[in-house]
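# Results of the structural survey
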Amino acid sequence: MNSWTTFRERWRAEGQLSELESATVLMVQEHHLVQADLCRDAEDFCSQRGWHAVFREAIRLPSGRSSGGVAILVRRRDDIGVTDPQLDPGPLRHRLLGFKLFMGGLEPIIIASAYLQAGVGLNELNMQALSFLAQWQELEQLPILAGGDFNVQPNEIAKTDFNARSGMVYCRQERPLIKRRRLQRKSTTSWPRAALRSA
């Protein structure tokens, strides 16, 4: 999703979206909300529709454009709990967000929303983002599921020692969960959406 505003208006207009009916956790990237009050409004909007949500602010670039912004939404259910273990993303607050998820009798896991820099492959910033995810897994001693817009092909990660050192596996999504709708245009979607999970 690269426009929270467009998605929110569709959600408001159509009511419960069919794409969300079977979803329990949503990991959002590129919402572009740069102010804390806009993030709070988004969290309130989700809460009114039965979702616990945390939106982390995007940043404003020197050009004036916004960049990033990540969020995690968890469906409000009696058998699901979420806690904030204060996972530190360093300077990548607008690109990484993580929480501890408890689901009905299962071992807890770390869920994370990740947005890697586009068009640069595994540059220093993207390697740093992957490193933070591995550090969170080590720190909490829990499996991790990081969903996101990784903007990196699986073979690029496979060429590094990241998988072996972190114990994580890159899983590419075969089809989009939600398609963007643009006014007067065909539906489009961002790729590559993917997930990193503990092996």
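All values derive from a computational prediction rather than experimental measurement.

The tally for this structure, following the rule as stated, stands at 7 salt bridges. A salt bridge links Glu9 to Arg8; the shortest N-O distance between them is 2.8 Å. Classification of Arg8 by relative accessible area gives partly exposed; the value is 22%. Residues Lys100 and Glu140 are paired through a salt bridge, measuring 3.3 Å at the closest nitrogen-oxygen approach. Here Lys100, found in strand E7 (residues 96-103), pairs with Glu140, found in helix H3 (residues 124-140); they are 40 residues apart in sequence, far enough to count as distant. Of the two residues, Lys100 and Glu140, both sit in the buried class. What emerges from the salt-bridge pattern is a single network uniting Arg8, Glu9 and Arg12.

Now for the side chain of Ser166. The residue Ser166 is located in helix H5 (residues 162-166) in this model. From its side chain, Ser166 meets the backbone nitrogen of Met168 in a polar contact 3.1 Å long. Ignoring sequence-local partners within four residues, the contact set of Ser166 consists of Ala134 and Gln137.

A separate point is the packing of helix H1 (residues 4-14) against helix H2 (residues 36-48). For any two helices packed against each other, one specifies the inter-axial angle together with the distance between the axes. The geometry of H1 relative to H2 is characterised by a closest axis approach of 12 Å and an angle of 25° between their N-to-C directions. The pairing of H1 with H2 is recorded here as roughly parallel in orientation. When the axes of H1 and H2 are compared, the crossing they make is left-handed. Contacts between H1 and H2 involve Trp4, Arg8, Trp11 and Arg12 from the first element and Ala42, Phe45 and Cys46 from the second.

Let's shift gears to the sheet that holds strand E2 (residues 51-56). Strand order in this open sheet of 3 strands is E1-E5-E2, and the pairing throughout is antiparallel. The open sheet is flanked by strand E1 (25-29) and E2, the only strands paired with a single partner. In this sheet, neighbouring strand axes are inclined to one another by 10° on average, regardless of whether the strands run parallel or antiparallel. Strand direction decides the pairing type here: E2 and strand E5 (residues 70-75), joined by 6 bridges, are antiparallel. Residue pairing for E5: Arg56 is matched across the bridge by Val70. This element, H2, spans E2 and E5 of the sheet and lies at about 165° to E2.

All right, on to the nonpolar core then. Leu96, Leu116, Leu130, Leu133, Trp136 and Phe150 are the most contacted members of the largest nonpolar core, which has 22 residues in total. Those elements giving two or more residues to this core turn out to be strand E8 (109-115), H3, strand E9 (144-149) and strand E10 (168-172). Here this core gets 6 residues from one element, more than from any other, and that element is H3. Sequence-distant contacts of Leu96, that is, excluding residues within four places in its chain, are made with Arg56, Val70, Pro89, Ser113, Ala114, Ala129, Phe132, Leu133 and Trp136. By size, the runner-up hydrophobic cluster in this structure holds 18 residues, among which are Leu17, Val28, Cys46 and Ala53.

The rules behind the values
- Residues numbered from 1 in each chain as written.
- Predicted model: local features only at pLDDT ≥ 70, side-chain atom pairs only at ≥ 80, totals over all residues.
- Heavy atoms only, no water.
- Salt bridge = Lys/Arg side-chain N within 4 Å of Asp/Glu carboxyl O.
- Buried < 20%, exposed > 50% of the residue type's maximum accessible area, 1.4 Å probe, protein only.
- Helix = DSSP H or I, 4+ residues; strand = E, 2+ residues; numbered from the N terminus.
- Polar contact = N/O pair within 3.5 Å; in protein donor to acceptor, adjacent residues only side chain to side chain.
- Contact = heavy atoms within 4.5 Å.
- Axes fitted to C-alpha atoms, helices over the stretch in contact; angles between N-to-C directions.
- Parallel < 35°, antiparallel > 145°, perpendicular 65-115°, else oblique.
- Left-handed = near helix turned anticlockwise from the far one by under 90°.
- Pairing = 2+ DSSP bridges.
- Core = buried A, V, L, I, M, F, W, Y, C linked by side-chain atoms within 4.5 Å.

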